Amino acid sequence: MENLPRSRDYLNRARAVLAGGVTSSIRLAEKPHPLFFTRARGAVLEDADGRQYVDYVCGYGPIILGHADPRVTDAVARTLPDGQVFGGQHPLEIEVAERVRTLVPSMEVMRFSLSGSEAVHAAIRVARAATGRLALVRFDGHYHGWLDGIYTANLRAEEAPAAGQPGSRGQPAEALSHVMVLPWNDAGGLAAAADRLRGRLAGVILEPILCNTGVIPPRAGFIEAIREWCTREGAVLIFDEVITGFRVGAGGAQSLLGVRPDLSVFGKAMANGFPVSAVGGRRELLTAVASGDVLHAGTFNGQVVSMAAARATLDALAADGGAVYGEITATGRAIMEGLRAAAGTLGMRVLLQGPGPVFHLWFTDLPVIDDVRTARATGVREYERFAQAMLRRGVRLIPGGRWYVSAAHTPDHVARTLEAAEEAFREVAAAVPS
Ligand code: PMP
């Protein structure tokens, strides 16, 4: 934006020393250019030029209680004088693991890492070690981190199901030689893969409620069919709950869907903005990790700051039987309803999908989107225009259409958001002939 001189200055300076001026390639997509932020509190972000935004990026998912929630920051601050990393265990690690297991019973035994990508990497290794097999199935449009062994290019329609292809230059094709990519929500793809991989399947990994390419829940029976396939094959079902975990409910998507995975991966919302992830599940699958035969390591794993943040976050999320999820879900649904209504008064059709704490907005007449190809191709230009119009009016959105809501979003924030949305919808309607 033309009136953000400090952000522009920072970006120019950053480009000299940070590749592309950013520290995560995802941020290159920010329009009109990556912004610099200096402060965040509750539901509000402040940029380097002092402009404030109601924030629906929420750090791309971690912020569930609100930015800088004092319950979390105070807990972290109390630990600081006593050291950060010991090259040894700390009692807080047990306390966090006990809380995770209480909230997510399938997490019988676990390990902590720092990022979702690392924990996914560990889950795949555990699945392969436990089964003695290599073949891994993943789904088009799901994101499981940026590492060589799992990041794949988008599927081309004519090749589904297909061998995984590198999604990035510099990624060796060999790293994906045992990865097969299937279309999401496509029972035919499952059947074809089951035929091809009989006796060879180590595991299947998926976002139980897809969030990374539109928010697309599984069609009725789809996850159950995958569960059955894994059980029949003696393969490991891995739920990547890096987004959905501790966001859609205290028990994650697995509790909403009523399907128990063998392994799960958590991250993001687990510590309200501090870096931590968890990989875990059935005890027998992790025996080789317990014995040291399967390597999972990390200098910073279980460091005190993140563990203190995770304990405080999980306690806040679990309080009163997880009452906060009722609030976050209600807030999210109010925004979804409000957006639908605001668009409707202008004669525009939008589609809102998702459980509430995370949801997706598409510009489309379609009543539902339940496949990734449609999700990718629908209303892209309109959404980009909408997101920029919202930014100018003090509401920050993820470029692609996904919204995250936190417990700090109040009815006042919602009202401001919907006011801005009405004007932003008007801009989109004026720009795009229907
Ligand atoms: N899995 C999912 C479902 C994710 O959305 C992400 C990140 N957006 C990851 C894994 C990777 O997590 P991280 O960025 O912490 O490495």
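Please read these numbers as outputs of a predicted model, since none were measured by experiment.

> When you look at the nonpolar core in this model, what are you seeing that I'm missing?
Note on soluble globular proteins: their nonpolar side chains tend to be buried together. One finds Phe246, Leu339, Phe386, Trp403 and Phe425 to be the most contacted residues of the largest nonpolar core, which totals 63 residues. For this core, the elements supplying multiple residues, two or more each, are helix 2 (70-79), helix 3 (91-103), strand 4 (109-113), helix 9 (304-345), strand 12 (350-353), strand 13 (358-363), helix 11 (380-392) and helix 12 (411-431). In terms of residues, this core owes the most to one element, helix 9, which gives 18 residues. Each of two domains, domain 1 (5-68 + 321-431) and domain 2 (70-317), supplies a minimum of three residues to this core. If we skip the residues at most four places from it in the chain, phenylalanine 425 touches Leu339, Ala342, Ala343, Leu346, Met348, Val350, Phe363 and Phe386. Counting 29 residues, the second-largest nonpolar core is a separate cluster that includes Ala193, Ala194, Leu201 and Cys230.

> How do you make sense of the sheet that holds strand 2 (residues 44-47) when you look at a structure like this?
Note on sheets: strands pair through backbone hydrogen bonds, and any given pair is parallel or antiparallel. One open sheet holds the four strands; their spatial order is 1-2-3-14, and the pairing between them is mixed. Two strands lie at the open edges of the sheet, namely strand 1 (37-41) and strand 14 (395-396), each paired on one side alone. In the sheet, strand 1 pairs with strand 2 via four bridges, with the strands oriented antiparallel. Bridge pairing links arginine 39 to glutamate 46 in strand 2.

> Could you clarify how one ought to interpret the site of the ligand in this entry?
Inspection of the region around the ligand gives Ser115, Gly116, Ser117, Tyr143, His144, Gly145, Glu207, Asn212, Asp240, Val242, Ile243 and Lys268 as its neighbouring residues. Residue tyrosine 143 places a main-chain N or O atom 3.2 Å away from a nitrogen atom belonging to the ligand. The separation between an oxygen atom of the ligand and a polar side-chain atom of asparagine 212 is 2.9 Å. Residue composition of the shell around the ligand, by class: three nonpolar, six polar and three charged.

> I keep staring at the pattern of salt bridges and nothing clicks. Help me out?
Pairs can form between side chains of opposite charge once their charged atoms are near each other. Enumeration according to the criterion identifies 20 salt bridges in this entry. One salt bridge in this structure joins arginine 99 and aspartate 315, with 2.6 Å as the shortest N-O distance. With a gap of 216 residues between them, arginine 99 in helix 3 and aspartate 315 in helix 9 connect regions that are remote in the sequence. Of the residues examined, aspartate 315 reaches a relative accessible area of 37% and is grouped as partly exposed. Between arginine 416 and aspartate 412 there is a salt bridge, with its nearest N and O atoms 3.4 Å apart. Linking arginine 416 with aspartate 412, this pair stays in helix 12, spanning four residues, or about one helical turn. The exposure class of arginine 416 is partly exposed, given its relative accessible area of 38%. Accessibility expressed as a relative area gives 45% for aspartate 412, which makes it partly exposed.

> I tried to follow the layout of surface pockets on my own but got confused; where do I start?
By rolling a water-sized probe across the atoms, one finds the places where empty space is left. When its volume is computed, the second largest pocket comes out at roughly 510 Å³. Considering the residues around the second largest pocket, the lining is formed by 26 residues, among which Gln89, Glu93, Arg111, Phe112 and Gly302 are closest to the centre. The element best represented in the lining of the second largest pocket is helix 3, accounting for five residues.

What counts and how
Residues numbered from 1 in each chain as written. Predicted model: local features only at pLDDT ≥ 70, side-chain atom pairs only at ≥ 80, totals over all residues. Heavy atoms only, no water. Core = buried A, V, L, I, M, F, W, Y, C linked by side-chain atoms within 4.5 Å. Buried < 20%, exposed > 50% of the residue type's maximum accessible area, 1.4 Å probe, protein only. Helix = DSSP H or I, 4+ residues; strand = E, 2+ residues; numbered from the N terminus. Domains from an automatic or database assignment. Contact = heavy atoms within 4.5 Å. Pairing = 2+ DSSP bridges. Near = heavy atom within 4 Å. Polar contact = N/O pair within 3.5 Å; in protein donor to acceptor, adjacent residues only side chain to side chain. Nonpolar A, V, L, I, M, F, W, Y, C, P; charged D, E, K, R; others polar. Salt bridge = Lys/Arg side-chain N within 4 Å of Asp/Glu carboxyl O. 1 Å grid on protein atoms, 1.4 Å probe; cavity = no way out; pocket = protein on both sides within 12 Å on 5 of 7 lines; lining within 4 Å. Points joined across faces, edges and corners; volume = space filled by probe spheres on them.

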